[in-house]
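Residue-level structural notes
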Amino acid sequence: DGIGAHGIRINVKDEYEEMIATRPTIEVEGQRLPSLYEAHYAADACQPLHTTIHHDGWALPLGGSPFEGTHQRVDALLERAPFDRAGALAGVEAAALPDVAAAVRAEILASHALVDRVYRLAPLLESPEGVARPEVVAFACERYAAGARFVASLWLTAWERSSSIELPLWAR
């Protein structure tokens, strides 16, 4: 179940089970289901710096972070970059995921492939003028759309799979 990405080991099944055990859930007919709170984690997979040991500057020789502030600037990019949010979502469609674990892996790997691009854009993120540059706006639009598509696809999948859950008598 695990994949490695530059020193990070991700075990989707174990992480999901841990999340279910430690995060708010909804119980339906004795089954614990993740709450909408999990959307935050799904969207995080679309932020490239969440997929690497180079999460806030290129990792130091022993693997530590220089904590240079790039991570915070990228996290804030969707609020700072001037882009048309509705336009960025044009054509974005949710799709049911036949294999959620494979979809999570694919999303993380696709996002991870953008780490070098983030660091090429990093100097521009330090000023309002830089954040308004077309290449930064394009990146913000792409990540915004990717996050919306991924979260919506996970919700659609959960919705479709929930059709097999029998509601308790009090909810009918």
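As shown above, the structure is provided for reference.
Overview of the structure.

**Concerning the overall build of the chain**
Within the chain, the secondary structure is distributed over nine helices and four strands. Reading the chain from its N end, one meets helices and strands in the order β-β-α-β-β-α-α-α-α-α-α-α-α. Here the chain, with 172 residues, has 37% of them falling under the buried criterion. Put simply, 64% of the contacts in the chain that link residues at least 6 apart link residues at least 24 apart. With an accessible surface of roughly 10,300 Å², the chain has 59% of that area assigned to carbon and sulfur atoms.

**Describing the nonpolar core**
Ranked by size, the top nonpolar core spans 19 residues in total, and within it Leu49, Leu77, Ala81, Phe83, Val136 and Phe139 carry the most contacts. Sorting the residues of this core by element identifies helix H7 (115-121) and helix H9 (134-162) as the ones contributing at least two each. Those residues in contact with Phe83 that sit more than four places away from it in its chain are Leu78, Ala88, Val137, Ala140, Cys141 and Tyr144.

**Points about the environment of Arg117**
In this structure, Arg117 sits in helix H7. Spatially, the C-alpha atoms of Arg117 and Pro48 are 9.2 Å apart, while their sequence positions differ by 69 residues. Non-local contacts of Arg117, meaning those with residues more than four positions away in its chain, are made with Glu135, Ala138, Phe139 and Glu142. Within the structure, the side chain of Arg117 is placed 2.6 Å from the side chain of Glu142, a separation counted as a polar contact.

Thresholds, definitions, all that
Residues numbered from 1 in each chain as written. Predicted model: local features only at pLDDT ≥ 70, side-chain atom pairs only at ≥ 80, totals over all residues. Heavy atoms only, no water. Helix = DSSP H or I, 4+ residues; strand = E, 2+ residues; numbered from the N terminus. Buried < 20%, exposed > 50% of the residue type's maximum accessible area, 1.4 Å probe, protein only. Contact = heavy atoms within 4.5 Å. Areas by Shrake-Rupley, 256 points an atom, 1.4 Å probe, with all protein chains shown as cover. Core = buried A, V, L, I, M, F, W, Y, C linked by side-chain atoms within 4.5 Å. Polar contact = N/O pair within 3.5 Å; in protein donor to acceptor, adjacent residues only side chain to side chain.

Everything listed is a geometric property; what it means functionally is a separate question.
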